[in-house]
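Listed below, chain by chain, are the residues.
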Amino acid sequence: MEKNKTSEDSIKILNRRSFIIIIFGAILSLIVSLRLFSLQVINFNFYKKKSVENKLSIKLTPPLRGDIYDSKKNLLAGSTSMYEFVVFKNLSKDHFHEIKKLDSLIKLNLNFDEITNQLKKYNEYTGFSLTRASWEQIVEFEKNKFLFNSIKIIESKKRYYPYQNFSQIIGYMGQPTKSSEPYSKGVFHLEKSYEKHLRGTPGKIFNEVNAKGKTIREISIEKSIKGNDLDLTLDLTLQNYSQSQLPIEKKGSIVVIRVSDGSILSMNSNPTFDAQIFENRENNKIKDILNDDQRPLFNRAFSGFYPPGSVFKPISALVGLQRNLIDPQKKVFCKGHSSLGDRNYYCWKKEGHGKVNLKKAIKESCDVYFYELAKKTNIDDIASLSSNLGLNKEYDIGLSNIGKGLVPSKKWKKAFLDESWYQGETLITCIGQGYNQTSPLQLATLYSAILNGGKYPIPKLDKNAPTKFTGRSLNYEHQKIIINSLNAVVQEPRGTAYKLSISNPEFVKIGGKTGTSQVIRIKESEREDDQYKSKEIEERFKDHSVFVGYAPYDKPKYIASVIIENGGSGSAVAAPIAHKILDFAFKNNV
Amino acid sequence: MLSKIMFKEFKSIFNLNWIYFFILLIIFWIGEINLYSAAGGSLDPWALNQLTRFLFFLPLFFLVIMLEPKFIFNFAEVFLILVLIGLITTLIFGYTGMGATRWIRIAGFNLQVSEFTKIALVIFMAKYFHKLNAEKTIGLIKSIFPLIVSIIFFILVAIQPDLGTAVIILALGLVVIFYAGIKLIYPLLSLGVILLISPILWTFLKPYQQNRIQIFLNPDLDPLGKGYHIIQSKIAIGSGGLKGNGFLEGSQSSLDFLPEKETDFVFAIFSEQFGFTGSILLISLFFIMFLIPVLKTYKLTQVFNKIILFVLSFKIFFEFLINISMTIGILPVVGVALPFMSYGGSSLLSNLIICALLLNFMSISENKRMFS
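Note that this is a predicted model, so its numbers are computed, not measured.

1. What to know about the overall build of chain B
Right, so step 1: Scanning chain B for helices and strands turns up 15 helices and 3 strands.
Right, so step 2: Looking at chain B as a whole, 48% of its 372 residues qualify as buried.
Right, so step 3: Considering only residue pairs separated by 6 or more positions, chain B has 70% of its internal contacts joining residues 24 or more positions apart.

Here you go:
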């Protein structure tokens, strides 16, 4: 291994190569330095901001929700203390096992899939509320406290609904779904639509945290601000009274509004439910409510749509007057039916009303009079006046599932059924049957429009909302004729609701209109066979009983709209209920 | 008798390059301070441990300084075979952590043999080229053997899998071949070949390695997952600014936003506290540390000595640059430790051995028959 002939040249190459590598190293160092300069000097502000955001955590503290009151400051929805089982993931690795243990110990009937899903969204230090804890459950838990490291009982606020008769208007709250907003939110009716108004501003606790979300120290606190209260137009006593007047075994609805400003004073629907069950998260009862085929969550006052029946007739009469199709004094002969083409259209009174003028036609609810009028009427005029008087409209008053209903027109039929309009259909539309679909709230509004002379206040639930008028003015003479006729329905002999004046003479005097809403089209033969009136007719095919009335008849203050599903005729069932309620409203000056 | 073959005379200890030794101590001490602050101002769990290791390794450090260069020269192949056995043992009996089998337990220590592969390979190749240096240039055929050896070790480490260390091993092999004086055409040619076969190499990478490279190219692909490291590291460094947040004032690191902050991302901790100024000072310190042995090589004529001094000194500086480049997002995160600053025994030990070798070879007085 002779190494003494090391060549000078080869050493030179090594030194030259060494130089190249040093230059290479220097260039790399320069690149790194320039990059550092870019990060730390040029973009310093950007990364500084990121770093500050990184270490701050804002924890929200739920605000106290605004209370809901009736028009006389009776509490309808408030907040009260409650206790919850809350899991903190950081306290034990075994937290899921402990949840199962708790469930079997206290029979909470927890939904584990749901909990697993929700827990993923929560970081280790944010408590996740499992369920409410009753006193018995708390006692049971305290006895076995040593078994649970990750579960604590935490006090918080819950919504409190003292009267279940308001559940179908006020709605209820839903569970929080996000870790960043760990508090309940309104999910139904007013609780939902007035969420922003009621919610308030959450408090903020600014914490310096580490990467796992653990609080290192508290930096500052902003206190939460209570949400705004909400005053409703509803009247506690009237709402409760109305509910008591709805036959328990029947589905039905009652709406009472004030004529002067459209305030909804009560709005009931049967069957109903208790919102407190949702707030208490009583899962079994909630399931029962959701699966009930009587649909207790469904508020028939504004989500229930029915053919209005004869209650609709004033609209047809007004169209006749406006278009000069009828002379109110001129009489039409009712022989029990009217013909159009080769078809007969029957009056509810088989033997006929004889000679009938407009007032008598409304008072005694003669169908033939309106059939004759309908033969000359354009259906589009009916539709357009209906819309002017509050039908075929959705009122934006914060209620979930409020519907629009339907008053048919040629355009509608072409668009939805792809068929042209038949005059025969105008005949049945003019007496409130056929395609007509109206809700009890809409019918109350229709009568408010008539009593207000065409320009009517839009119904409202928020007491502090300004009263807004809409619609077009009616001819004063026309309005007077209609109102006189409606007064006669109750006040004059042979009026379809004259019975009311006889049986309860001490009650406030009212006007109004009865209606019978057909559930199924009655075949001609059946009418002739009198099967129609048979008491053996299956319950669910029985007509809906409708009545819209106002009181006092000479200076209307209140309107009550009543529907009893499958109740039979309007005069027999709905009218007496409406009379009682109007009397109650009047005497209690709601 | 044996000790005379193995070791230099004791008095040679006084010929040490003390400047280099003090720079080493300064860098290690900066690393200690950094580990102390990474723990939020605590000696636990890293700083004290690392200091203990340093003190424990110090006798071995001086032992290596005292080794006779001839002994190292003669045993070059033996070191390489020992390392080869170690690597194979690791693959078969190794201790698995974080999806990779990189460690073997020897006398209570978890030893990462791949770290020592770098040293053994450089010594082996230094000897190989020393023997060939009589010829004016080293041809392709003769440079192929060390290339094959480098690639074998590259593969052995890459399948652990430890791509970072494997790439460093291959790079050091190539640097030796280049430094030893082969024609420039060959390194350029092999670079071309590597570029051509890189799509094929891509398919050999483990999914997590492919992931790291994709995320390096676009960290925002997965900001809370695998891109998290790079993003958080850049936030830490960037928020340091020109002067830094000050000692123990790095919120990114002290609040645990930075994963692996005591190992691969230890530079981010440093840079967040001491800013651009501190970073440039650190780079300068490492650059000076690189140059001191390199300057010595110009005075030497023995190829073995030159390669040992140049390439091993380059190794420390090269790893330093690769590590920083990772933390500032100009290279993919491949797991290369920051010499003397990252927490970890094997890296510290192997770098101490390298520095001891450098001190050793810097202090020798050459004679032309020293390796005969």
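2. A look at the overall build of chain A
Right, so step 1: Helices and strands together make up the secondary structure of chain A, namely 22 helices and 21 strands.
Right, so step 2: Counting all 590 residues of chain A, 43% fall into the buried class.
Right, so step 3: Within chain A, residue pairs in contact and separated by at least 24 positions form 71% of the contacts whose partners lie at least 6 positions apart.

3. Quick look at the environment of B:Leu48
Right, so step 1: Locating B:Leu48 in the fold gives a position in helix α3 (residues 47-65).
Right, so step 2: For B:Leu48, a count of 15 C-beta atoms within 10 Å translates into the label partly exposed.

4. Here's the deal with the sheet that holds strand β11 (residues 252-258) of chain A
Residues and elements named next belong to chain A.
Right, so step 1: The strand order across the open sheet built from 5 strands is β12-β11-β21-β20-β19, with neighbouring strands paired in antiparallel fashion. For this open sheet the edge positions go to β12 (264-270) and β19 (511-517), each flanked by a neighbour on one side alone. The sheet shows a mean angle of 5° between the axes of neighbouring strands, taken without regard to direction.
Right, so step 2: As paired elements, β11 and β12 share 6 bridges and run antiparallel to each other. Paired with Val255 across the bridge in β12 is Met267.
Right, so step 3: This element, helix α9 (residues 236-245), spans β11 and β12 of the sheet and lies at about 30° to β12.
Right, so step 4: Helix α22 (residues 574-588) contacts β11, β12, β19, β20 (544-551) and β21 (558-564) of the sheet and is inclined by roughly 150° relative to β21.

5. A few points about the nonpolar core
Right, so step 1: Counting 114 residues, the largest nonpolar core has A:Val256, A:Ile559, A:Ala574 and A:Ile581 as its most contacted members.
Right, so step 2: When residues of this core are assigned to domains, at least three map to each of domain 1 (59-230) and domain 2 (236-289 + 303-588) of chain A.
Right, so step 3: Residue contacts for A:Ile559: discarding those within four places in its chain leaves A:Val256, A:Ile257, A:Val259, A:Ala444, A:Tyr447, A:Ser448, A:Val548 and A:Tyr550.
Right, so step 4: Formed by 109 residues, the second largest nonpolar core is a distinct cluster that contains B:Ile168, B:Phe267, B:Ile316 and B:Leu359.

6. Comments concerning the packing of helix α1 (residues 8-42) of chain A against helix α8 (residues 163-179) of chain B
Right, so step 1: In the contact formed by α1(A) and α8(B), the axes pass within 9 Å of each other and the chain directions differ by 135°. The angle between α1(A) and α8(B) places the two elements in the oblique class. When α1(A) is examined against α8(B), the residues A:Leu14, A:Arg17, A:Ser18 and A:Ile21 are found in contact with a partner set consisting of B:Val175, B:Phe178 and B:Tyr179.

7. A look at α8(B)
Residues and elements named next belong to chain B.
Right, so step 1: Between its first and last C-alpha, α8 extends 24 Å over 17 residues, near the 24 Å set by a 1.5 Å rise per residue.
Right, so step 2: Of all 17 residues in α8, 13 are buried, a share of seventy percent or more.
Right, so step 3: Within two residues after α8, Gly181 carries a phi angle of roughly 110°, on the positive side.

8. A look at helix α2 (residues 18-38) of chain B
Residues and elements named next belong to chain B.
Right, so step 1: Here α2 spans 30 Å end to end across 21 residues, near enough to the 30 Å set by a 1.5 Å rise per residue.
Right, so step 2: Buried residues of α2: Leu24, Ile27, Phe28, Gly31, Asn34, Leu35, Tyr36, Ser37 and Ala38, and no others.
Right, so step 3: Gly40 sits one or two residues past α2 and shows a positive phi near 75°.

9. Section: unusual backbone geometry
Right, so step 1: Of note, the bond from A:Ala551 into A:Pro552 is cis; its omega dihedral lies within 30 degrees of zero at -15°.
Right, so step 2: If you trace the backbone, A:Pro552 turns up in the loop between β20 and β21.
Right, so step 3: For the bond from B:Asp44 to B:Pro45, the omega torsion is 0°, close enough to zero to count as cis.
Right, so step 4: Along the chain, B:Pro45 falls in the loop between α2 and α3.
Right, so step 5: One non-glycine residue, A:Asn109, lies in the positive phi region at around 55°.

10. Observations concerning the pairing of β20(A)
Residues and elements named next belong to chain A.
Right, so step 1: Counting buried residues in β20 gives 8 out of 8 residues, a clear majority hidden from the surface.
Right, so step 2: Burial along β20 is two-sided: His544, Val546, Val548 and Tyr550 facing one way and Ser545, Phe547, Gly549 and Ala551 facing the other are all buried.
Right, so step 3: Here 7 bridges tie β19 to β20, and the two strands are oriented antiparallel to one another. By the bridge assignment, Gly512 is partnered in β20 with Gly549.
Right, so step 4: Linking β20 back to β21 in an antiparallel pair, the connection comprises 6 residues.

11. Things to note about the confidence of the model for chain A
Should the pLDDT be low somewhere, the predicted coordinates at that spot are not to be read in detail.
All names here are of chain A.
Right, so step 1: The predicted model of chain A has a mean per-residue pLDDT of 87, with 93% of residues at 70 or higher.
Right, so step 2: For residues 1-6, every residue scores under 50 in pLDDT, and the model assigns this stretch 11 contacts once sequence neighbours within four places are set aside.
Right, so step 3: Taken together, the stretch residues 523-531 has pLDDT below 50 and engages in 6 contacts with residues farther than four places along the chain or on a different chain.

12. Structural notes on the confidence of the model for chain B
Right, so step 1: Overall, the predicted model of chain B reaches an average pLDDT of 86, with 89% of residues at or above 70.
Right, so step 2: Model confidence for the complex is summarised by a pTM of 0.59, with the ipTM given as 0.90.

13. Observations concerning the packing of helix α2 (residues 44-55) of chain A against helix α11 (residues 228-238) of chain B
Right, so step 1: Closest axis-to-axis distance for the α2(A)/α11(B) pair is 8 Å, and the angle between their directions is 115°. One way to sum up the angle between α2(A) and α11(B) is to call them roughly perpendicular. Judged by the sense of rotation from one axis to the other, the crossing of α2(A) with α11(B) is left-handed. Packed against α2(A), whose contacting residues are A:Phe44, A:Phe46, A:Tyr47, A:Lys50, A:Ser51 and A:Asn54, the element α11(B) presents B:Lys234, B:Ile235 and B:Gly238 at the interface.
Right, so step 2: For the contact of α2(A) with α11(B), a count of residues per class yields 4 nonpolar, 3 polar and 2 charged.

14. Observations regarding the environment of A:Gly127
Right, so step 1: Here A:Gly127 lies in the loop between α4 (112-120) and β4 (128-132).
Right, so step 2: C-alpha of A:Gly127 to C-alpha of A:Lys89: the two residues are 38 residues apart in sequence and 7.5 Å apart in space.

The rules behind these values
- Residues numbered from 1 in each chain as written.
- Chains lettered and ligands numbered in written order.
- Predicted model: local features only at pLDDT ≥ 70, side-chain atom pairs only at ≥ 80, totals over all residues.
- Helix = DSSP H or I, 4+ residues; strand = E, 2+ residues; numbered from the N terminus.
- Buried ≥ 20, exposed ≤ 12 C-beta atoms within 10 Å, placed from the backbone.
- Contact = placed C-beta atoms within 7 Å.
- Pairing = 2+ DSSP bridges.
- Axes fitted to C-alpha atoms, helices over the stretch in contact; angles between N-to-C directions.
- Core = buried A, V, L, I, M, F, W, Y, C linked by C-beta atoms within 7 Å.
- Domains from an automatic or database assignment.
- Parallel < 35°, antiparallel > 145°, perpendicular 65-115°, else oblique.
- Expected span 1.5 Å × (residues − 1).
- pLDDT = per-residue confidence, 0-100.
- Left-handed = near helix turned anticlockwise from the far one by under 90°.
- Nonpolar A, V, L, I, M, F, W, Y, C, P; charged D, E, K, R; others polar.

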